[in-house]
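Observations on the model geometry
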Amino acid sequence: MPTLKGKSSKKKGGAKVHKRDNKKYSINEDPFFSHQKRRRIEEDGMDDDDGDDDDDIVVSGASDEERVAEEAEESEFDRETADEKRQRVAKEYLDKIRAIARREKEDDDEGEEDEEEEDDEFGGRERDGVRDSLVSKILQQEQLEESGRVRRQIASRVKKPDTVDNFCTFIKHRHSVTAVALSEDDSRGFSASKDGTILHWDVSSGKSEKYAWPREDTLRSHGTKDPQGRAKKHSKHVLALAVSSDGRYLASGGQDRHVHLWDTRTREHIQAFPGHRGPVSCLTYRKGTSELFSGSFDRTIKMWNMDDRAYINTLFGHQSEVLTVDCLRKERVLTVGRDRTMQLFKIPEETRIVFRAPASSLECCCFISNDQYLTGSDDGSVELWSMLRKKPVYIVKNAHPLFLEDNKFDNGDIEKIPNGDAEKLKSNPENTQNSTAHSWVSSISVCRGSDLAASGAGNGYVRLWAIKSETNNIQPLYDLPLVGFVNSLAFAKSGEFLLAGVGQEPRLGRWGRVQAACNGVALQSLKLL
């Protein structure tokens with residue numbers, strides 16, 4: 001009984017006390033019940049091992065404090081929700097726009113006298129109001145340009161390139177390049193060739209990294225189906241590339257009839273999407289979303305959601321192979337096929353508009369805005385379209401003529417193409433030839449939200465165009481010499497450079513060959529006034 005009384009008296013006296021190594025040890029001092037951070041506890045334990053007294057205060061160094069602050073900041077970003085992240089990004093973007101508006105306001109006030117600091121209470125508010133109005137104007141202008149309601153006037157500001165500023169090949173491939181894609185911030189580029197090589201490179205430095213295709217068993221585990229026909233293994237021949245707006249995913253398609261998804265951060269294969277019954281010839285993402293559209297030789301366009309890794313829908317309408325697909329922010333898809341039609345699919349309404357080419361097959365297309373489109377044909381024509389008409393509103397015939405002293409073209413005469421000196425032969429129409437595959441308009445691109453466009457063929461030139469919205473026509477600007485078949489074009493969002501995927505052979509076949517061409521990605525810098 002006295003023993004029980006002693007235990008009860010200890011419980012009433014406060015926290016339970018244990019004995020450890022003949023020393024009294026309170027449960028309040030147990031590190032398991034402590035609210036301190038683990039790092040601080042470990043530091044205390046290290047100090048205890050050094051022989052310091054229990055009453056000493058541990059003071060961490062400056063480096064430890066910085067490390068703890070960085071970890072706290074990282075953990076804060078990890079804990080934030082999607083809404084908090086959007087709010088943080090919006091605030092950072094708003095601060096950036098305010099800095100731009102502040103610089104513009106300072107430039108405007110350079111010639112004016114500085115106001116007295118005594119009137120800062122009301123003058124400061126007035127200046128803040130002026131700056132906020134500039135911020136709102138900049139944001140409205142950007143929103144209008146993004147939506148396509150206002151077109152940036154870039155074509156009139158492009159200076160004529162000098163002969164020393166021609167295309168330079170800074171990414172090389174072993175075989176013909178079939179596709180080129182740019183990230184949303186124009187800092188990274190992607191290219192693919194006929195041998196299945198996919199390269200990821202930095203635009204400023206030109207440093208490239210290669211994507212490694214997984215083994216056959218890994219591909220099967222990622223969703224690929226067994227090859228059909230005589231093929232015994234999956235073809236790595238790539239025909240199309242597309243990068244998502246956030247830059248996280250790269251999609252590729254080719255002869256194996258699958259859409260492949262890659263992680264751009266690790267350059268690893270994520271998943272393969274079967275479903276097409278023919279080669280995947282074209283890919284595009286809807287701007288600002290994870291929706292992917294794939295066009296195929298099986299005459300269909302399929303919709304995919306890359307975030308959910310899911311198939312959504314199939315669009316029918318073409319009577320022959322689908323060659324090119326394009327999409328902006330609206331749920332509208334523009335396609336061209338070998339059935340001599342261009343079709344605009346309105347996905348929410350489940351309707352489509354069919355535009356018919358005058359005489360030839362359309363090879364490529366792209367959006368200018370939600371209501372205007374640009375196409376290239378296999379007869380060498382470039383067409384301007386409007387949603388209000390089902391026929392072209394303006395046609396430039398023989399847009400990529402082939403200039404030769406004799407109307408013959410073979411592998412030995414490729415060096416006779418007068419790159420940069422075509423003006424000497426333009427006066428004589430007998431020297432022009434547009435019936436060969438070298439004059440087919442194989443690629444076309446528009447600098448998004450602007451009036452600047454470019455088209456490429458195999459005649460030794462990339463031609464820049466100015467789109468005139470007032471008169472509904474297009475006018476040639478400059479010819480940029482580039483030997484080879486221009487299979488893909490990509491403008492920088494700022495309009496400061498143009499990328500071209502070049503090859504000795506056309507993208508979809510081998511009906512022509514330019515021996516002097518260099519397989520790779522060429523870059524042309526554009527100087528703006």
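Our subject is the structure listed above.
In this text the structure is predicted, and so the values were computed from the model without any measurement. (Residues numbered from 1 in each chain as written. Predicted model: local features only at pLDDT ≥ 70, side-chain atom pairs only at ≥ 80, totals over all residues. Heavy atoms only, no water.)

Before going further, it helps to spend a moment on the overall build of the protein. Tallying secondary structure elements over the protein gives seven helices and 32 strands in all. Within the protein, buried positions represent 45% of all 529 residues. Carbon and sulfur atoms provide 46% of the accessible area of the protein, an area that totals close to 29700 Å². (Helix = DSSP H or I, 4+ residues; strand = E, 2+ residues; numbered from the N terminus. Buried < 20%, exposed > 50% of the residue type's maximum accessible area, 1.4 Å probe, protein only. Areas by Shrake-Rupley, 256 points an atom, 1.4 Å probe, with all protein chains shown as cover.)

Within the secondary structure layout, threonine 335 lies in strand S17 (residues 332-337). Of note is the side chain of threonine 335, whose polar atom sits 2.7 Å from the side chain of histidine 318. If we ignore the near neighbours within four places in the chain, the residues touching threonine 335 are Ile301, His318, Val322, Thr324, Val325, Thr341, Met342, Gln343, Phe345 and Cys365. (Polar contact = N/O pair within 3.5 Å; in protein donor to acceptor, adjacent residues only side chain to side chain. Contact = heavy atoms within 4.5 Å.)

Turning our eyes to something else, we now look at the sheet that holds strand S32 (residues 520-525). Judged by pairing direction, the sheet is antiparallel, and its four strands sit side by side in the order S3-S32-S31-S30 without closing on themselves. Each edge of the sheet is formed by a strand with only one pairing partner; in this case those strands are strand S3 (168-172) and strand S30 (485-491). Neighbour-to-neighbour, the strand axes of the sheet open up by a mean angle of 30°, direction not taken into account. Where S3 meets S32, four bridges bridge the pair, whose relative direction is antiparallel. When the bridges of S32 are listed, threonine 169 appears paired with alanine 522. (Pairing = 2+ DSSP bridges. Axes fitted to C-alpha atoms, helices over the stretch in contact; angles between N-to-C directions.)

A complete count under the given rule lists three cavities of 30 Å³ or more for this structure. Taken as a whole, the largest cavity encloses approximately 140 Å³ of empty space. Together, Glu363, Ala437, Trp440, Ser442, Phe485, Asn487, Pro506, Arg507, Leu508 and Trp511 line the largest cavity. The class makeup of the residues in the lining of the largest cavity is six nonpolar, two polar and two charged. (1 Å grid on protein atoms, 1.4 Å probe; cavity = no way out; pocket = protein on both sides within 12 Å on 5 of 7 lines; lining within 4 Å. Points joined across faces, edges and corners; volume = space filled by probe spheres on them. Nonpolar A, V, L, I, M, F, W, Y, C, P; charged D, E, K, R; others polar.)

All right, on to the pairing of strand S14 (residues 301-305) then. Extensive coverage of S14 is indicated by the burial of five of its five residues. For strand S13 (residues 291-296) and S14, the ladder comprises five bridges, and the chain directions are antiparallel. Among the inter-strand pairings, serine 294 is bridged to a residue of S14, identified as lysine 302. The hairpin turn running from S13 into S14, its antiparallel successor, is four residues long, and arginine 299 in that turn takes a positive phi close to 75°. Sheet topology note: the S14/strand S15 (residues 310-315) ladder contains five bridges and is antiparallel. Residue pairing in the sheet places isoleucine 301 in a bridge with leucine 315 of S15. Linking two consecutive strands that pair antiparallel, namely S14 and S15, is a turn of four residues; a positive phi of about 55° is found at arginine 309 within it.

This part takes up the environment of glutamine 475. Relative to the assigned elements, glutamine 475 resides in strand S29 (residues 473-481). Here the alpha-carbon distance between glutamine 475 and valine 396, two residues 79 residues apart in the chain, equals 8.7 Å.

Moving on, we get to the sheet that holds S14. The four strands lie next to each other as S12-S13-S14-S15, forming an open sheet whose pairing is antiparallel. Edge positions in the open sheet fall to strand S12 (280-285) and S15, since each of these has one partner strand only. Between one strand axis and the next, the sheet turns through 25° on average, direction left out of account.

Tallying each qualifying case throughout the model produces nine aromatic pairs. Relative to tyrosine 373, the ring of phenylalanine 355 has its centre 5.8 Å away and its plane inclined at 65°; by these criteria the two rings are edge-to-face. Of this pair, phenylalanine 355 sits in strand S19 (residues 351-356) while tyrosine 373 is found in strand S21 (residues 372-377), placing the two residues 18 residues apart along the sequence. Owing to a relative accessible area of 0%, phenylalanine 355 belongs among the buried residues under this scheme. Taking relative accessible area as the criterion, tyrosine 373 reaches 0% and is therefore assigned buried. (Phe/Tyr/Trp six-rings, centres within 6.5 Å; stacked < 30°, edge-to-face > 60°.)

Burial along strand S26 (residues 443-446) is two-sided: the residues Ser443 and Ser445 and Ile444 and Val446 are all buried. Taken together, the four bridges between S26 and strand S27 (residues 452-456) define a ladder with antiparallel strand orientation. Each bridged residue has a counterpart across the sheet, and for isoleucine 444 the counterpart in S27 is serine 455. Taking the residues that link successive antiparallel strands as the turn, the S26-S27 hairpin has five residues, and the phi of glycine 449 there is positive, at about 75°.

With that settled, the discussion passes to the environment of serine 386. When you line up the elements, serine 386 lands in strand S22 (residues 382-386). Along the sequence, serine 386 and phenylalanine 355 sit 31 residues apart, while their C-alpha atoms lie 9.6 Å from each other.

The biggest cluster of nonpolar side chains holds 20 residues, and the ones touching the most others in it are Phe167, Leu452, Val462, Leu482, Phe491 and Leu498. Broken down by secondary-structure element, the contributors of at least two residues to this core are S27, strand S28 (461-468), S30 and strand S31 (497-503). With residues near it in sequence (within four places) discarded, leucine 498 still touches Phe167, Ala454, Val462, Leu464, Leu480, Leu489, Ala490, Phe491, Ala522, Leu523 and Gln524. (Core = buried A, V, L, I, M, F, W, Y, C linked by side-chain atoms within 4.5 Å.)

Moving on, we get to unusual backbone geometry. Of note, the phi angle at arginine 309 is positive, near 55°, even though the residue is not glycine. Along the chain, arginine 309 falls in the loop between S14 and S15. Overall, the relative accessible area of 28% leaves arginine 309 in the partly exposed class. Phi is positive for asparagine 472, which is not a glycine, with a value near 55°. As for its position among the elements, asparagine 472 is in the loop between S28 and S29.

Take the pattern of salt bridges next. Across all of its chains, the model carries 10 salt bridges by this definition. A salt bridge links lysine 493 to glutamate 184; the nearest nitrogen and oxygen atoms lie 3.6 Å apart. Of this pair, lysine 493 sits in the loop between S30 and S31 while glutamate 184 sits in the loop between strand S4 (177-182) and strand S5 (188-193), and the two are 309 residues apart along the sequence. Among the residues examined, lysine 493 registers a relative accessible area of 34% and is labelled partly exposed. (Salt bridge = Lys/Arg side-chain N within 4 Å of Asp/Glu carboxyl O.)

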